Every structure is written in structure tokens, then in C-alpha cells.
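Structural overview for review
Given next are the chains, with one letter for each unit.
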Amino acid sequence: MAMLFLLNPLLISVLPAYAEPHKLEAEYLLRITQFVTWSPQLFTDPTAPLEICVLDDAHFQKSLENVVKGRKIGYHPIISRLENNIYKLSTCHIVYITTAGDADRVMTILNSLKNKSVLLVSNIPHFIDQGGNLGFIYQKHGIFFEINYQSLNMKGLTLSSKLLRQALRVIK
């Protein structure tokens, strides 16, 4: 069960090996929120929701919505929303981009959010090499992730060293 087992002491539960990919990624995304620190100024008030936006993938957004329902990070309830307009992504705390997007559109998103405090996550191969922050990678034994720490620093986002140690690869 790959990195999920390694992170288990830090997390609540473990998914079964037969879970569908969308559910695995949604669970991972939820767990990762526990290891990211956003500036309090990015929330309209101390109990404002933490928004995870899913770009153009209603199926994944529905899986994520089921996973985050009723969950909180601190005092912030976690909500997910489907977003089709790339110019509205800057209001999100996390943006999840699936392989459904075309390369030019992905680069436009990465460039437009480069200096915004938005965590960019994807399952697109080599996503962190393109400037993304966290990429999911499927290998024979499960789902893993890699991190572009350099791009995170430019955004003012902080990741726990516990998460960094679990990454397959980190760009510093």
C-alpha cells in the first residue's frame, strides 16, 4: 500500500488495496492538507473553509466531495468544488488538475498561479518538473508522490518535514 502505510502513524486510516484510483487520490489529497500550512491571511475568517478546487473533472470532484464531507483542518471545514474557469482558481487553497487537461492549458494554470498561495496537485506525469507543487505517481505497489519544494517556497506555503520525508522525490 505504498506511502499510505508509511504515513499511517501520521494519518487516521488506511485504504484497502482495491480502492479505485479516484478514491485513493481523494484520500491522499485530504491527508496531505494535514501537513500544509497556509497563512491565516488567506482565510476570510478563522472558521472560513479550506477550498479544494478540481479542474474540469466532475467524477473526481464527486469522489473528493464524499471524502471531505464533514472534515476539518483546525477550525476550517474542508469543501471541494468543481471549477471550469481557470481564472477563478486563485481563490482556492488547493487546485487538483487531472490528466484530463491539455498541456497548454496546464501551463497557463501553472503560470497564472505561480506566485499565489495555492497548492497545485496533479496526477500528470512530470507535473513537478513543469512547476507544479505535488504530483501523484502510480507504480506497481501503489500510489506515491513527489514534491517541488522550490515552487512551494515561492508561494509561501509550508509543508511538514514529515511529509517531505515520505516523498519519492523532492526538488529543492
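Residues numbered from 1 in each chain as written. Predicted model: local features only at pLDDT ≥ 70, side-chain atom pairs only at ≥ 80, totals over all residues. Heavy atoms only, no water.

**Regarding the packing of aromatic side chains**
Enumeration according to the criterion identifies four aromatic pairs in this entry. Consider the rings of F60 and Y96, whose centres lie 4.3 Å apart with planes at 25°: the pair is stacked. Here Y96 lies in strand β5 (residues 94-97) and F60 lies in helix α3 (residues 58-68), a separation of 36 residues in the sequence. Relative accessible area serves as the criterion here: at 0%, F60 is assigned to the buried category. Residue classification places Y96 among the buried residues on the basis of a relative accessible area of 0%. For the ring pair Y96 and F136, a centre distance of 6.1 Å and an interplane angle of 40° mean the geometry is tilted. Taken as a pair, Y96 in strand β5 and F136 in strand β7 (residues 134-139) lie far apart in primary sequence, 40 residues in all. Accessibility classification places Y96 together with F136 in one group, the buried group. An aromatic cluster is present here, built from Y28, F60, Y96, F136 and F145 joined pairwise through their rings. (Phe/Tyr/Trp six-rings, centres within 6.5 Å; stacked < 30°, edge-to-face > 60°. Helix = DSSP H or I, 4+ residues; strand = E, 2+ residues; numbered from the N terminus. Buried < 20%, exposed > 50% of the residue type's maximum accessible area, 1.4 Å probe, protein only.)

**Things to note about the pairing of β5**
Burial along β5 is two-sided: I94 and Y96 facing one way and V95 and I97 facing the other are all buried. Relative to β5, strand β2 (residues 50-55) runs parallel, the two sharing four bridges. In the strand pairing of β5, I52 is matched with I94. Strand direction decides the pairing type here: β5 and strand β6 (residues 119-122), joined by four bridges, are parallel. Residue pairing in the sheet places Y96 in a bridge with V121 of β6. (Pairing = 2+ DSSP bridges.)

**So, the confidence of the model for the chain**
Considering every residue of the chain, the mean pLDDT works out to 87; 88% of them sit at 70 or more. Least confident of the elements in the chain is helix α1 (residues 2-7), whose mean pLDDT is 44; most confident is strand β4 (residues 76-83), at 97. (pLDDT = per-residue confidence, 0-100.)

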